[in-house]
Amino acid sequence: MLGTMMDVPLLLSSILRHAEAYHSDGEVVSATVEGGLHRYTYGELSKRTKKLANALARMGLEPGDRVGTLAWNGYRHMELYFGVSGSGFVCHTINPRLFREQIAYIIHNAADSVLFFDLTFLPIVEELAGQLKDLKAIVAMTDEAHMPKSEALPGLLCYETLIADEPDSFEWPAFDENTASSLCYTSGTTGDPKGVLYSHRSCVLHAMAITMPDAFGFSAADVIAPIVPMFHVNAWGLPFVGAMVGAKLVLPGAHLDGASLYHLFEGEKVSFTAGVPTVWLGLLDWMDTHGRSFTSLKRVVIGGSATPPIMISRFHNMGVKVRHAWGMTETSPVGLAAALKPKHEALEPEAKLALECKQGRPLFGMEFRVAGADGQQVARDGKSFGAMMVRGPWVAASYFNTPHSPAHEEMPGWFNTGDVVTQDEDGFIQIVDRTKDVVKSGGEWISSIELENIAQAHPAIQEAAIVAKPDARWGERPVLVVVLKPGASFTRADMRAHYEGKIAKWTIPDDVVIVPELPHTATGKLSKKAVRQIILEQISGNGPEAFMS
Ligand code: AMP
């Protein structure tokens, strides 16, 4: 017997309609590519999004057609988020930090019909112009005063001109909530990037889930600054949440350096922010150097890669609460958040910090399974390792336009995250490593993340990576690769002394390699693949300027 409740689809346009009806005076502030801050309200956002929807309707797109964006976090990107998906098309956010060939591959694999881009990315679009000839339109997200003259892009349209004469009324169509809304490609560290095609239902449910208090916990009283880019997994859902709860949104545009973020946060009284550890390192270092403190920031979510304990402590010392979270492009992204339970308040500060450093416990809706080598669930003792499998309404069941996916085939109905984890009795999951990054020494696994976190706490070290070096006897041995703070020195003896007593002796890295900078992927994560290459070059004597002490 079916329930007798209304069958109202969960659509992204319903979030915008809600914001228009009940939060029309809520502010959206954007640092613009053209310079300066742009301010308007959810009411104005809604009106301009309807103008955009009318313009899209005239372009001859079919339902489900992909509309690409190459853009920073800003108000026009927000309009595209809601306008494209609300019309029944798919908003395909392209990561501009990927290699040109990957961007070309992605646009081709997605078969985008239209491309919108921020002026910063004109050189990318011009370079790819020859491969974009089938597109119905290419639109520069700017006004006439800032329109570039581009010989490579003769029919280039201007966003403001495109929407200027359109009516600001539009009836958002109703359709099945499982209709595709947004498309985001994985960063492609192994093989070609793969498209994850979100649905209206998955995005709305994910936005509601992260709003819960033990996830990120949002209300209309918040001032939310999504620093994680809108081209990376829908900025972790924050643009949807902002409109859903009516919080003021502060969008940083292209300005992600410590000084710019600090001034934006202070100027706009930001209370909540979210992003990857690399960005926070820049902000905290800048604040230390300039003797600044926060006056409005209360909470920060850190995710995307492991958060070093020292970073959590630095935020705590500034009066900011940290919530460590885990996610993937394939999981929309949030699946875990490290919210302590009331009983944990009694823990000693060190034990509390250790728990906060874990990736977190499952959000309702997400199911996790930690599978040992035999495929069976391992003990929930916080020690036994296994491969982390996940399923839920905002987890990808397959990839867009890519039929074969080993991650989905190993255990039908589950997605293999590629993370090796432990889980404790309260459900807290800790990533021990990526399956491919773990160091296998003499048949035992060494967690590269654990060693990196310890290294990161050394006062001479700016950034640290642990990678496996091939070893005739042990198979692999860990090597520490570091960037030092200006003027600092660090030897192998310093390294041994620092690790001594903190971990088992045999897991202490064999060597330390000092490099001027560490390679990062397009999404700002440490590229272990590239670091391994540095080590191999060191061993073969062809290394760049670096030394093994
Ligand atoms: P992506 O799809 O590019 O967001 O990458 C997802 C991967 O990033 C995950 O499988 C994890 O290995 C890693 N990751 C995400 N969040 C965290 C975190 N809080 N701690 C450690 N690794 C993380």
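A. Up close: the overall build of the protein. Summing up its helical and strand segments, the protein has 16 helices and 26 strands in all. Against the globule reference of 24 Å for 549 residues, the protein gives a C-alpha radius of gyration of 24 Å, in line with a compact fold. The C-alpha extent of the protein, read off along each of the three principal axes, is 70 × 65 × 50 Å. A total of 549 residues make up the protein; the buried ones form 58% of that total. For the protein, long-range pairs separated by at least 24 residues make up 65% of all intrachain contacts whose partners lie at least 6 apart in sequence.

B. A look at the state of the cysteines. Taken as a whole and judged by the stated rule, the model has zero disulfides. The thiol of Cys91 is not disulfide-bonded; the next cysteine sulfur, from Cys203, is found 9.9 Å away. For Cys91, a relative accessible area of 3% puts it in the buried group.

C. Region of the structure containing the sheet that holds strand 3 (residues 66–70). Here we have seven strands laid out as an open sheet, ordered 7-6-5-3-4-8-9, and mixed in their pairing. Edge strands, defined here as strands with exactly one partner in the open sheet, are strand 7 (157–158) and strand 9 (195–199). Lying over the sheet, helix 4 (residues 100–110) contacts strand 3, strand 4 (90–93), strand 5 (114–117) and strand 8 (180–185), oriented at roughly 155° with respect to strand 8.

D. Broad picture of the domain arrangement of the protein. By the assigned domains, the protein splits into domain 1 (12–213 + 229–252) and domain 2 (438–540). Distance from the C-alpha centre of domain 1 to the C-alpha centre of domain 2: 40 Å. Across the boundary between the two partners, domain 1 contributes six residues, which contact four residues of domain 2. Taken together, both faces of the contact between domain 1 and domain 2 bury some 480 Å²; the carbon and sulfur share is 60%. For the pair domain 1 and domain 2, the number of links is zero salt bridges.

E. Summary view of unusual backbone geometry. In this structure, Pro333 follows Ser332 across a cis peptide bond, with omega equal to 10°. The residue Pro333 is located in the loop between strand 14 (321–327) and strand 15 (334–337) in this model. Here the phi dihedral of Ala235 falls at roughly 50°; this positive angle occurs in a residue that is not glycine. Of note, Ala235 is situated in the loop between strand 10 (223–226) and helix 8 (238–245).

F. Structural view of the packing of helix 2 (residues 42–57) against helix 3 (residues 75–86). Where helix 2 meets helix 3, the axes come as close as 9 Å, and the angle between the chain directions of the two elements is 60°. Comparing their axes, helix 3 and helix 2 come out oblique. Handedness of the helix 2/helix 3 crossing: right-handed. Here helix 2 contributes Leu45, Arg48, Thr49, Leu52 and Leu56 to the contact with helix 3, which in turn contributes Tyr75, Arg76, Met78, Glu79, Leu80, Phe82, Gly83 and Val84. Grouping the constituent residues of the contact of helix 2 with helix 3 by class yields eight nonpolar, two polar and three charged.

G. Representation of the site of the ligand in the model. By nearness alone, 17 residues border the ligand, and His324, Ala325, Thr329, Asp419 and Arg434 come closest of all. Here a nitrogen atom of the ligand sits 2.8 Å away from a polar atom, N or O, in the side chain of Gln359. At 2.6 Å from an oxygen atom of the ligand is found a side-chain nitrogen or oxygen belonging to Asp419. Broken down by secondary-structure element, the contributors of at least two residues to the shell around the ligand are strand 14, strand 19 (415–423) and strand 20 (429–434). With four residues, the single largest contributor to the shell around the ligand is strand 14.

H. Broad picture of the packing of aromatic side chains. Under the criterion given, the structure shown has 15 aromatic pairs. With a centroid separation of 6.4 Å and 50° between ring planes, the pair formed by Phe265 and Trp280 is classed as tilted. Linking Phe265 in helix 9 (residues 258–268) with Trp280 in helix 10 (residues 277–290), this pair joins segments that are 15 residues apart in sequence. The class for Phe265 is buried, based on a relative accessible area of 0%. Taking the ring centre of Tyr399 as reference, the NZ or CZ of Lys194 above it sits at 5.4 Å.

I. How the structure looks around the nonpolar core. Counting residues in each nonpolar core, the largest one holds 147 residues, and the members touching the most others are Phe116, Phe117, Phe216, Phe265, Trp280, Phe294 and Phe315. Grouped together as the second largest cluster of nonpolar side chains are 20 residues, Ala455, Ala468, Met495 and Ile508 included.

J. Examining helix 15 (residues 492–499) more closely. Every buried residue belonging to helix 15 is among Met495, His498 and Tyr499, and all of these are buried. Buried residues of helix 15 fall within an arc of 90° about the axis and therefore sit on the same side. Projecting away from the buried face of helix 15 at angles above 90 degrees are the exposed residues Ala493 and Ala497. Of the surrounding secondary structure, the elements contacted by the buried residues of helix 15 are helix 14 (448–456), strand 23 (461–471), strand 24 (475–484) and strand 25 (511–514).

K. Structural detail: the side chain of Thr32. By secondary structure assignment, the location of Thr32 is in the loop between strand 1 (27–31) and strand 2 (37–41). For Thr32, a relative accessible area of 10% corresponds to the buried category. Here Gly35 takes part through its backbone oxygen, which lies 2.8 Å from a polar atom of the side chain of Thr32. Those residues in contact with Thr32 that sit more than four places away from it in its chain are His38, Tyr75 and His255.

L. Structural detail: the pairing of strand 5. Of the two faces of strand 5, the one carrying Val114 and Phe116 and the one carrying Leu115 and Phe117 are both buried. With four bridges joining them, strand 5 and strand 6 (residues 137–140) adopt parallel strand pairing. Along strand 6, the bridge assignment pairs Leu115 with Ile138. At this point the chain moves from strand 5, through helix 5 (residues 122–127), to the parallel strand 6, and the crossover so formed is right-handed.

M. Expanded view of the pattern of salt bridges. All told, the structure shown has 27 salt bridges when counted by the stated rule. Its salt-bridge partner being Lys352, residue Glu345 comes within 3.1 Å of it at the nearest N-O pair. Connected via shared salt-bridge partners are Glu34, Arg48, Arg76, Glu79 and Glu160.

N. Looking closely at the sheet that holds strand 11 (residues 248–251). Read from one edge to the other, the open sheet built from nine strands follows the order 2-1-11-10-12-13-14-15-16, with strand pairing classed as mixed. Of all strands in the sheet, those with a lone pairing partner are strand 2 and strand 16 (361–362), marking the two edges. Along the sheet, helix 11 (residues 309–317) makes contact with strand 13 (299–302) and strand 14, crossing strand 14 at roughly 145°.

Rules behind the numbers
- Residues numbered from 1 in each chain as written.
- Predicted model: local features only at pLDDT ≥ 70, side-chain atom pairs only at ≥ 80, totals over all residues.
- Heavy atoms only, no water.
- Helix = DSSP H or I, 4+ residues; strand = E, 2+ residues; numbered from the N terminus.
- Rg over C-alpha atoms; globule rule 2.2 N^0.38 Å.
- Buried < 20%, exposed > 50% of the residue type's maximum accessible area, 1.4 Å probe, protein only.
- Contact = heavy atoms within 4.5 Å.
- Disulfide = S-S within 2.5 Å.
- Pairing = 2+ DSSP bridges.
- Axes fitted to C-alpha atoms, helices over the stretch in contact; angles between N-to-C directions.
- Domains from an automatic or database assignment.
- Buried area = accessible area lost by both parts, 1.4 Å probe.
- Salt bridge = Lys/Arg side-chain N within 4 Å of Asp/Glu carboxyl O.
- Parallel < 35°, antiparallel > 145°, perpendicular 65-115°, else oblique.
- Left-handed = near helix turned anticlockwise from the far one by under 90°.
- Nonpolar A, V, L, I, M, F, W, Y, C, P; charged D, E, K, R; others polar.
- Near = heavy atom within 4 Å.
- Polar contact = N/O pair within 3.5 Å; in protein donor to acceptor, adjacent residues only side chain to side chain.
- Phe/Tyr/Trp six-rings, centres within 6.5 Å; stacked < 30°, edge-to-face > 60°.
- Lys NZ or Arg CZ within 6 Å of the ring centre and 35° of its normal.
- Core = buried A, V, L, I, M, F, W, Y, C linked by side-chain atoms within 4.5 Å.
- Arc of directions from axis to C-beta.
- Right-handed = clockwise from strand over helix to strand, strands pointing away.

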